[in-house]
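Chain by chain, the residues:
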Amino acid sequence: MSLPRTATTFAPPVMEARRWLDGVTHPEGRPLINVSQAAPVEPPPQALRQAMADAALTRDDAHLYGPVLGMPALRDALAAQISSHYEAQVAGDHVAITSGCNQAFAAAIATLCAEGDEVILPTPWYFNHKMWLDMSGVASVALRTRDDLLPDVDDARALITPRTRAIALVTPNNPGGVEYPADLVRAFYDLAQETGIALLVDETYRDFDSRTGAPHPLFQRDGWQDTFIHLYSFSKAYRLTGHRVGALAASPARLAEVEKFLDTVAICPGQIGQYAALWGLENLSQWVAGERDEILARRAAIADGFDVLKAQGWRLLGLGAYFAYLEHPFAMSSAELAPRLVRDAGILCLPGTMFCPDDDTTGARQLRIAFANLDVPGIAAFYSRLAALDLLR
């Protein structure tokens, strides 16, 4: 008897890592440094929380089903922001609101793929993308990135088969942190357009991109919606992780197919979260700019302090948005090292093996560090603990 697809899909990595904490105590003077998950630990700003409370108290529709593709006002507002940010013309009927960006990816794949189809994922990949493809009966085709963690277009071209339906990129990247150059994103778009497949670009972390202006020109291309599917999340910018508000931008024809998927899995995105996202778009641009400045300062602290690890054989492979991606100098696999770091250093992070296929040995040397919740003193403490390790290099 065949197994259900969930039984043949690996366990959620962040939940697996949290189990490493069972039975481990941390001295009062050395609390756990948790860099395992890319999520804000602070709640939304007070003004946004008040706006959410006001919506809950005064708007009856905040407690009812809403449109499957999301509130029209939020769709229009996000389309206007996309148009401004990317110097393009995007309409509200190009935008759907979803219950988080993972659901946006799932919905897009549902409109693209049938049983046995293929999607190309650069590795190290975002594990939730891989999990969803597994549970959808879609083959994940690994595209090995170069030493700079950037994928090569010619390498991708060689992987395209008659079953290929899409290439999925994440920029700024999770797990690697790297920001894909505009020319590279455009080259992948050209490849997708040429071969008749879709290009998905997950831009969950675009609000923390170190570059100013449009990070790529895809929305400016005529007929962009026939090839390009843009994924976005409100979770990081407005600290709305628990309210699950994401989005995708694509053609109205594709959104008609997306609507079928969303109606069966959630009916509609949560109303209060949507009111929060709308209020944030309308009122928090300066606040988000301040959040970006803080993340960039922490990114600089990661870069500036790395020499203490570099001297011991560590390498900083990628850095940006919420993430630093490290190569460790130890003989053991990162799959063994990461649980040991909980016990030996009071650090919870994810091993590179969680972001690579089983036959890719590079993950055994790598660790993902979600640094966004470490302030500058926290980064210094993190480096100090790693530098003190002696695990028989």
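Just so it is clear, the model here is predicted, and its values are computed rather than measured.

**Examining the overall build of the protein chain**
Next, step 1: Scanning the protein chain from N- to C-terminus turns up 14 helices and 13 strands.
Next, step 2: By the compact-globule yardstick of 21 Å for 393 residues, the protein chain fits well, its C-alpha radius of gyration being 21 Å.
Next, step 3: C-alpha atoms of the protein chain, sized along the principal axes, occupy 60 × 50 × 50 Å.
Next, step 4: Counting across all 393 residues of the protein chain, residues that qualify as buried make up 55%.
Next, step 5: Taking all contacts inside the protein chain whose residues are at least 6 apart in sequence as the whole, residues at least 24 apart take part in 75%.
Next, step 6: Put simply, the protein chain shows about 16300 Å² of open surface, and 51% of that area lies on carbon and sulfur atoms.
Next, step 7: Charged side chains in the protein chain number 33 positive and 46 negative. The centres of these two groups are separated by 4 Å.

**Notes on the packing of helix H11 (residues 285–304) against helix H14 (residues 376–387)**
Next, step 1: Here H11 crosses H14 at 30°, and the two axes come no closer than 9 Å. Here H14 runs roughly parallel to H11, going by the angle between their axes. The two elements H11 and H14 cross, and the hand of that crossing is right-handed. On the side of H11, the interface is formed by Arg298, Ala301 and Ile302, while H14 contributes Val376, Ile379 and Tyr383.

**Focus: the packing of aromatic side chains**
Next, step 1: Scanning the entire structure with this criterion turns up 16 aromatic pairs.
Next, step 2: Aromatic ring contacts, followed pair by pair, group Tyr86, Phe219, Trp224 and Phe228 into a single cluster.

**Regarding the sheet that holds strand S9 (residues 315–320)**
Next, step 1: Taken in spatial order, the four strands of this open sheet run S9-S10-S13-S12, and their pairing is antiparallel. Sheet topology places S9 and strand S12 (350–351) at the edges, where each strand pairs with a single neighbour.
Next, step 2: Alignment of S9 against strand S10 (residues 323–327), held across five bridges, turns out to be antiparallel. For Gly318, the partnering residue across the bridge sits in S10 and is Tyr325.

**Some remarks on the UniProt feature "domain: Aminotransferase class I/classII large" (unreviewed entry) in the protein chain**
Next, step 1: Under the local residue numbering, the UniProt record ascribes the feature "domain: Aminotransferase class I/classII large" (unreviewed entry) to residues 33–379.
Next, step 2: Counting secondary structure, residues 33–379 comes out at 40% helix and 17% strand; the distance between its end C-alpha atoms is 9 Å.

**Concerning the pattern of salt bridges**
Oppositely charged side chains are able to pair whenever their charged atoms sit close together.
Next, step 1: Applying the stated rule across the entire model yields 21 salt bridges.
Next, step 2: For Lys130, the salt bridge goes to Asp134, with nearest N and O atoms at 3.0 Å. Of this pair, Lys130 and Asp134 both sit in helix H5 (residues 127–135), separated by four residues, roughly a single helical turn.
Next, step 3: With a closest N to O distance of 2.8 Å, Glu194 and Arg157 form a salt bridge. Placement of the pair is Glu194 in helix H7 (residues 182–195) and Arg157 in helix H6 (residues 153–159), with a sequence separation of 37 residues.
Next, step 4: Residue classification places Glu194 among the exposed residues on the basis of a relative accessible area of 53%.
Next, step 5: Beyond isolated ion pairs, a larger network of salt bridges with shared partners links Glu179, Asp209, Arg211 and Arg299.

**Thoughts on the pairing of strand S4 (residues 139–144)**
Next, step 1: Summarising the sheet, strand S3 (residues 118–123) and S4 pair through six bridges and their orientation is parallel. Residue pairing across strands places Pro122 opposite Leu143, the latter belonging to S4.
Next, step 2: In this fold, the crossover linking S3 to S4 by way of H5 has right-handed handedness.

**As for the sheet that holds strand S7 (residues 228–233)**
Next, step 1: Taken in spatial order, the seven strands make up an open sheet running S2-S8-S7-S6-S5-S3-S4, and their pairing is mixed. Edge positions in the sheet fall to strand S2 (95–98) and S4, since each of these pairs with one other strand and no more. Within the sheet, the average angular offset between the axes of one strand and its neighbour, ignoring direction, is 25°.
Next, step 2: Direction of pairing for strand S6 (residues 198–202) relative to S7: parallel, over a ladder of four bridges. Looking across to S7, one finds that Leu199 is bridged to Phe228.
Next, step 3: Sheet contacts for H5: S3, S4, strand S5 (164–170) and S6; angle to S3, the most-contacted strand, approximately 160°.
Next, step 4: Each of S2, S7 and strand S8 (246–249) is contacted by helix H9 (residues 252–265), which is oriented at about 15° to S2, the strand it contacts most.

What counts and what doesn't
- Residues numbered from 1 in each chain as written.
- Predicted model: local features only at pLDDT ≥ 70, side-chain atom pairs only at ≥ 80, totals over all residues.
- Heavy atoms only, no water.
- Helix = DSSP H or I, 4+ residues; strand = E, 2+ residues; numbered from the N terminus.
- Rg over C-alpha atoms; globule rule 2.2 N^0.38 Å.
- Buried < 20%, exposed > 50% of the residue type's maximum accessible area, 1.4 Å probe, protein only.
- Contact = heavy atoms within 4.5 Å.
- Areas by Shrake-Rupley, 256 points an atom, 1.4 Å probe, with all protein chains shown as cover.
- Lys, Arg positive; Asp, Glu negative; His and termini not counted.
- Charge placed at Lys NZ, Arg CZ, Asp CG, Glu CD.
- Axes fitted to C-alpha atoms, helices over the stretch in contact; angles between N-to-C directions.
- Parallel < 35°, antiparallel > 145°, perpendicular 65-115°, else oblique.
- Left-handed = near helix turned anticlockwise from the far one by under 90°.
- Phe/Tyr/Trp six-rings, centres within 6.5 Å; stacked < 30°, edge-to-face > 60°.
- Pairing = 2+ DSSP bridges.
- UniProt positions renumbered as here; feature names shortened; annotations may be inferred.
- Salt bridge = Lys/Arg side-chain N within 4 Å of Asp/Glu carboxyl O.
- Right-handed = clockwise from strand over helix to strand, strands pointing away.

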